[in-house]
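Residue-level structural notes
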Amino acid sequence: MKMTLRWYPGKDAVNLAYIRQIPGVTGVVSELQKPVGAVWPVDEIEGLRSYINQHGLAFEVVESVKLHEDIKLGADRRDQYIESFIETIKNLGKSGVKVVCYDFMPIFDWFRTDLTKVLPDGSTTMAYSMIEASQIDPLSSDIKMADWETDYSREELETLFGAYREKDTEDMWKNLQYFLDAVIPYAEQSDVKLGMHPDDPCWPIFGLPRIITNEANIDRLLSLYDSPYNSLTLCSGSLGCSAAHDVAALVGKYAGMDRIAFGHMRNVKLFQDGSFDESAHLSTEGSLDMVQIMKAYHDAGFTGYIRPDHGRVIWGETGAIGYGLYDRALGAMYLNGIWETLEKLD
């Protein structure tokens, strides 16, 4: 297992030198900040890799190469954007990248109703309220995403929602099949695994057709193209926000199939009505058994990449919501401690 931390170049308040000081963290997960659908040039990828390597850290995982909505919609220009994605995958492979995280969520890559909920210990976190979500109209409400995501204009949202009203989940599956058929052969040639991130949260929002939501649909995803390069970014928080999912069992199943390229480890505290808070990583702080999830990775012989996913804002830190240094460093140390214990008891 390789422990990593996500790092945003250019606008990230977290210094790479500080990440290097977290024991057991050997690399960062990063990206080029390019317009969606643009090709990532080799020289810029190499420049980013070189800068990261200079700090004693590896750069082998990209999160994310975002898919243009035309690909998900099956719109007229999808072939143009698929070709750009393929060229980017080729270029990343030339620079030693081994995994690319991506998703197939329409419009919103993720959604929370509160970015700064105050927890009993005084820290703040991202949260999802079922009641508040049901009262939001995305075309009239002022939806605020975290500062590491790009907002759409009102006009862009109206256009996209109009396009998705004409689509159902079977349309999404057909468009995903088309995408995978086009790109997986090049991912195999480039030795770059594509890790699909589950929908976050893992249920429909705003009437949009979401498909990577549960075990049956993950099975369907993996069957669309039977290759380890059509793989998963298994996010414990995205799947674990539904009490219906046994995350440790899912990890054991898919890691045992060699279909997890990248793991996100996040704990969530579930409430009776289906709402949830993102909690500290410690098992007792949330509803997920993080030890059992890490044990499932360990028992499957997982040798891929893991990162502590999101963090509370603690100790007066300022920076990107969910992606400060302090709480994620605590999470990395906790997860590494679990892994070391499993290794020594093996």
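These lines cover the structure that appears in this document, whether it is placed above or below. Keep in mind that this is a model prediction, so the values were computed, not measured.

Quick look at the packing of helix H8 (residues 215-224) against helix H10 (residues 247-256) now. Between two packed helices, what matters for the description is the angle formed by their axes and the separation of those axes. For the pair H8 and H10, interaxial distance at closest approach is 12 Å and the crossing angle is 15°. Between H8 and H10, the crossing angle belongs to the class labelled roughly parallel. Once H8 is placed against H10, the crossing between them reads as right-handed. Between H8 and H10, the contacting residues are Glu215, Ile218, Asp219 and Leu222 on the first element and Leu250, Lys253 and Tyr254 on the second. Residues that form the contact of H8 with H10 fall into these classes: four nonpolar, no polar and three charged.

Okay, the pattern of salt bridges next. Under the defined criterion, the tally for this structure stands at 26 salt bridges. Close ionic contact of Lys193 with Asp258 constitutes a salt bridge, the shortest N to O distance being 4.0 Å. Here Asp258 lies in the loop between H10 and strand E9 (260-265) and Lys193 lies in strand E7 (residues 193-196), a separation of 65 residues in the sequence. You can call Asp258 partly exposed: its relative accessible area is 42%.

Spanning 22 residues, helix H7 (residues 169-190) covers 30 Å between terminal C-alpha atoms, matching the ideal 32 Å at 1.5 Å per step. In H7, a bend of some 35° at Val183 exceeds every other bend along the element, and Pro185, a proline, comes one to four places later. Turning to H7, its buried residues number three or more, namely Met172, Trp173, Asn175, Leu176, Phe179, Leu180, Val183, Ile184, Ala187 and Ser190. Near the N-terminus of H7, the side chain that reaches the backbone nitrogen of Glu170, with its oxygen 3.1 Å away, is that of Asp168. Asp191 sits one or two positions beyond H7 and adopts a positive phi of about 55°.

With that settled, consider the pairing of E9. For E9, the tally of buried residues reaches six of six residues, placing the bulk of the element in the interior. Across four bridges, strand E8 (residues 230-235) lies against E9 in parallel orientation. Looking across to E9, one finds that Leu234 is bridged to Gly263. Sheet analysis places E9 next to strand E12 (residues 305-308), joined by four bridges and oriented parallel. Note that in E12 the partner of Met265 across the bridge is Pro308.

Membership of the largest hydrophobic core comes to 91 residues, with the highest contact counts inside it found for Ile19, Leu176, Phe179, Leu234 and Tyr297. Sort the elements by how many residues they give to this core and H7 lands first, with eight residues. Residues within four places of Ile19 in sequence aside, it is in contact with Leu5, Trp7, Val14, Val25, Val28, Leu57 and Leu325. With seven residues, the next largest nonpolar core counts Val29, Ala261, Phe262 and Tyr305 among its residues.

The next point concerns the packing of aromatic side chains. According to the stated counting rule, one finds 15 aromatic pairs in the structure shown. Between Phe108 and Phe206, the aromatic rings sit 5.7 Å apart at their centres with planes inclined by 65°, giving edge-to-face as the arrangement. Of this pair, Phe108 sits in the loop between strand E4 (99-102) and strand E5 (114-118) while Phe206 sits in the loop between E7 and H8, and the two are 98 residues apart along the sequence. Note on Phe108: relative accessible area 6%, which makes it buried. Cluster of aromatic residues (ring-pair linked, three or more members): Phe108, Phe111, Tyr128, Phe161, Trp203, Phe206 and Phe276. Seen from the ring of Tyr323, Arg6 lies directly overhead, with NZ or CZ sitting 5.7 Å from the centre. When the ring centre of Tyr178 is taken as origin, the NZ or CZ atom of Arg78, which lies over that ring, is 3.5 Å away.

Let's shift gears to the environment of Glu156. In this structure, Glu156 sits in helix H6 (residues 154-164). Separated by 77 residues in the primary sequence, Glu156 and Asp79 place their C-alpha atoms 21 Å from one another.

Attention now goes to the sheet that holds strand E10 (residues 268-270). Spatially, four strands are ordered E5-E6-E11-E10 in an open sheet, and the strand pairing comes out antiparallel. Strands with a single pairing partner mark the edges of an open sheet, and in this sheet they are E5 and E10. On average, each strand axis in the sheet is tilted by 35° relative to the strand beside it, whichever way the strands run. Here strand E6 (residues 124-128) runs beside strand E11 (residues 276-278); their pairing, made up of two bridges, is antiparallel. The residue of E11 that forms the bridge with Tyr128 is Phe276.

Cut-offs and rules
For every chain, the first residue of its written sequence is number 1, and the numbers climb from 1 along that sequence. Totals for whole chains, interfaces and linings use all residues, but because this is a predicted model, local features are given only for residues with pLDDT of at least 70 and pairs of side-chain atoms are given and counted only at 80 or more. Water and hydrogen atoms play no part in the side-chain values, which are based on all heavy atoms of the structure. Each axis is a line fitted through C-alpha atoms, taken for helices only over the stretch in contact, and angles between the N-to-C directions span 0 to 180 degrees. Secondary structure counts use DSSP, requiring at least four H or I residues in a row for a helix and at least two E residues in a row for a strand, with both numbered from the N terminus. Throughout this description, any angle smaller than 35 degrees is read as roughly parallel, any larger than 145 degrees as roughly antiparallel, any in the 65 to 115 degree range as roughly perpendicular, and the remainder as oblique. If you view the pair so one helix is near and one far, a crossing is left-handed when the near helix is turned anticlockwise from the far one by less than a right angle, and right-handed when it is turned clockwise. Two residues form a contact once any of their heavy atoms are found within 4.5 Å. Following the grouping adopted for this structure description, the nonpolar residues are Ala, Val, Leu, Ile, Met, Phe, Trp, Tyr, Cys and Pro, the charged ones are Asp, Glu, Lys and Arg, and the polar ones are all others, Gly among them. The salt bridge criterion pairs a side-chain nitrogen of Lys or Arg with a carboxyl oxygen of Asp or Glu, the two atoms within 4 Å. Exposure categories follow from relative accessible area, calculated using a 1.4 Å probe and restricted to protein chains: below 20% of the type maximum is buried, above 50% is exposed, and the middle band is partly exposed. In a helix, the anticipated span is given by 1.5 Å times the number of residues less one. One axis is fitted to the seven residues ending at the residue and one to the seven starting there. The bend at that residue is the angle between these axes. For the purposes of these results, a polar contact is taken to be a pair of N or O atoms within 3.5 Å, where, inside protein, one atom must be able to donate a hydrogen and its partner to accept one; residues adjacent in sequence count only when each atom of the pair is a side-chain atom. Strands are labelled as partners when DSSP assigns at least two bridges between them. Within this scheme, the nonpolar core is defined by two criteria: the residues are buried Ala, Val, Leu, Ile, Met, Phe, Trp, Tyr or Cys, and they are joined through side-chain atoms within 4.5 Å. Between the rings of Phe, Tyr and Trp (Trp by its six-membered ring), a pair exists once the centres lie within 6.5 Å; its type follows the angle of the planes, with under 30 degrees stacked, over 60 edge-to-face, and the other angles tilted. Whether a charge lies above a ring is judged from NZ of Lys or CZ of Arg, which has to be within 6 Å of the ring centre and within 35 degrees of the ring normal.

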